[in-house]
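Residues per chain, in single letters:
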Amino acid sequence: MRKFGYIRVSALEQNESRQLATMQKLEIPQSNTFLDKQSGKDFKRPNYQKLLEILKTGDILYIPSIDRLGRNYEEIQNQWRVLTKEKGVDIAVLDMPLLDTRLNKDLMGTFIADLVLQILSFVAQSERDNINKRQAEGITAAKARDVKFGRPTKKAPENFEEVVRQWEKGDLAFSSVLEQTGLKEATFYNRLREFRAAKDSK
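Residues numbered from 1 in each chain as written. Predicted model: local features only at pLDDT ≥ 70, side-chain atom pairs only at ≥ 80, totals over all residues. Heavy atoms only, no water.

As for the overall build of the chain
Looking only at helices and strands, one finds eight helices and four strands in the chain. Along the chain, helices and strands appear, N-terminal first, in the series β-α-β-α-β-α-α-β-α-α-α-α. A buried classification covers 34% of the 202 residues belonging to the chain. When the accessible surface of the chain is summed, it comes to about 13,000 Å², and 53% of that surface belongs to carbon and sulfur atoms. (Helix = DSSP H or I, 4+ residues; strand = E, 2+ residues; numbered from the N terminus. Buried < 20%, exposed > 50% of the residue type's maximum accessible area, 1.4 Å probe, protein only. Areas by Shrake-Rupley, 256 points an atom, 1.4 Å probe, with all protein chains shown as cover.)

A word on unusual backbone geometry
At E27, a residue that is not glycine, the phi angle is positive and equals roughly 60 degrees. Residue E27 is classed as exposed on the basis of its relative accessible area of 65%.

Quick look at the confidence of the model for the chain
When pLDDT drops low, the exact placement of atoms in the prediction is not to be read closely. Of all residues in the chain, 74% attain a pLDDT of 70 or more, and the chain-wide mean is 81. Mean pLDDT in the chain bottoms out at helix α5 (residues 107-144), which sits at 65, and peaks at strand β3 (residues 60-63), which reaches 95. (pLDDT = per-residue confidence, 0-100.)

A look at the side chain of T101
Take T101: it is sitting in the loop between β4 (90-93) and α5. Only 2.8 Å separates the side chain of T101 from the backbone nitrogen of I91, close enough to count as a polar contact. Setting aside residues no more than four positions away along its own chain, T101 makes contact with W80, T84, V89, D90 and I91. (Polar contact = N/O pair within 3.5 Å; in protein donor to acceptor, adjacent residues only side chain to side chain. Contact = heavy atoms within 4.5 Å.)

Points about the pattern of salt bridges
Scanning the model with the defined rule gives nine salt bridges in all. Connected through salt bridges with shared partners, the residues D67, R68 and R71 form a single ionic network. (Salt bridge = Lys/Arg side-chain N within 4 Å of Asp/Glu carboxyl O.)

Some remarks on the packing of helix α6 (residues 160-169) against helix α7 (residues 174-181)
The geometry of a pair of packed helices is captured by two quantities: the angle between their axes and the separation between those axes. One way to put it is that α6 packs onto α7 with a least axis distance of 10 Å and a crossing angle of 175 degrees. In terms of orientation, α6 lies roughly antiparallel with respect to α7. Contacts between α6 and α7 involve F160, V163 and W167 from the former and F174, V177, Q180 and T181 from the latter. (Axes fitted to C-alpha atoms, helices over the stretch in contact; angles between N-to-C directions. Parallel < 35°, antiparallel > 145°, perpendicular 65-115°, else oblique.)

Right under this line is the structure:
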């Protein structure tokens, strides 16, 4: 029986060291531990897909918790079926002993495991939905306060008009223009369009 571990962290929670330590305690080889730093909204994750290709009947897959597997109710149910039914892989969810397919393989045990899986899958998606809702509310509130998102716009320097005039006359190379203004090429042309539009409106 080969042992594998799957770990997932989102871009907002970089705590994979704790999950990695758990896999090490289970003596899972590093080469058999797969990590994705990606949202749990679906299963289009590169390392999960690699793991799926490697897993074979009789293997055991350890997962710290259901929400590390995913946060989409229907997708979790589907992937659980693929792993356990189609591939014949056993799964052990470490924070929920009832979700260990090596145990209680009778009808009652299967029924209880399926029920627990549905509940935890529902909770995982509900948490994700609530997080997204809070983020959307936060962004809306921030926009109402005129909070700007993304990188701040780099303004044209005070000598911009003079540098542009020399460049347009052919007295200044474009590389020198960028050096003197401290702007990147795309930013320079954006400021140039704004500068010309402002002159035309006068």
